[in-house]
Amino acid sequence: MKREIKFRAWQPQVKRMFEVGDIDFIKEEVMLCHWGWESSNDIDLMQYTGLHDKNGREIYEGDIIVAHPKMKYEIPKIGVVQYGDYRPMFQYKLVDGEEYSIWNNDVNRTYEVIGNIFENPELLEEKQ
């Protein structure tokens, strides 16, 4: 399977998301497009999953997604995309800690990016 490998980065000092143009692993620096080089310790780096949501938007680590089930008896679930804690794959994790695999050929659900953990943390607050 061939997929595009790319990253984006959150720069907390300016509270802005940047595309990543280059990564220097020796110097531990990241080139933020339209910004410049930053230490990898000063940013939050997120990898592209290789997947798109139902609207064609690229899905990255740190994205908040809604998993829309195709079956009537399931309800939509909101979670954060992350690399697996115990398995080498991307997954989404709910506020309650439940983890679900995210697939490009999922016949049971579609995914929709509704924000990310840096710009939209309120989307993860549980409804009272």
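For the structure, check the block above.
Everything numeric here is computed off the predicted structure, so don't read it as measured data. (Residues numbered from 1 in each chain as written. Predicted model: local features only at pLDDT ≥ 70, side-chain atom pairs only at ≥ 80, totals over all residues. Heavy atoms only, no water.)

Visitor: Lay out the nonpolar core with the relevant residues and their values.
Guide: Considering soluble globular proteins, one finds that nonpolar side chains tend to be buried as a cluster. Counting residues in hydrophobic clusters, the biggest one holds 11 residues: Leu51, Ile59, Ile65, Ala67, Val81, Phe90, Tyr92, Leu94, Ile102, Tyr111 and Val113. Listed by contribution, the elements that provide at least two residues to this core are β7 (63-69), β9 (90-93) and β11 (109-116). Excluding its chain neighbours within four sequence positions, the residues that come into contact with Tyr111 are Asp53, Lys54, Ile59, Ile65, Val66, Ala67, Tyr92, Ser101, Ile102, Trp103 and Asp106. Ala9, Phe18, Val30 and Ile43 belong to the second largest nonpolar core, which has seven residues in total. (Core = buried A, V, L, I, M, F, W, Y, C linked by side-chain atoms within 4.5 Å. Buried < 20%, exposed > 50% of the residue type's maximum accessible area, 1.4 Å probe, protein only. Helix = DSSP H or I, 4+ residues; strand = E, 2+ residues; numbered from the N terminus. Contact = heavy atoms within 4.5 Å.)

Visitor: Residues and numbers for the pattern of salt bridges, please.
Guide: Considering all chains together, one arrives at seven salt bridges under this definition. As a salt-bridge pair, Lys77 and Glu74 come within 3.9 Å of each other at their nearest N and O atoms. What emerges from the salt-bridge pattern is a single network uniting Glu4, Lys6 and Glu58. (Salt bridge = Lys/Arg side-chain N within 4 Å of Asp/Glu carboxyl O.)

Visitor: Tell me what's going on with the sheet that holds strand β4 (residues 36-39), and back it up with residues and numbers.
Guide: Pairing is antiparallel across the open sheet formed by six strands, whose spatial order is β4-β3-β2-β1-β5-β6. For this open sheet the edge positions go to β4 and β6 (58-60), each flanked by a neighbour on one side alone. Adjacent strand axes in the sheet meet at a mean angle of 45°, parallel and antiparallel pairs treated alike. Where strand β5 (residues 44-52) and β6 come together, two bridges link them in antiparallel fashion. By the bridge assignment, Tyr48 is partnered in β6 with Tyr60. (Pairing = 2+ DSSP bridges. Axes fitted to C-alpha atoms, helices over the stretch in contact; angles between N-to-C directions.)

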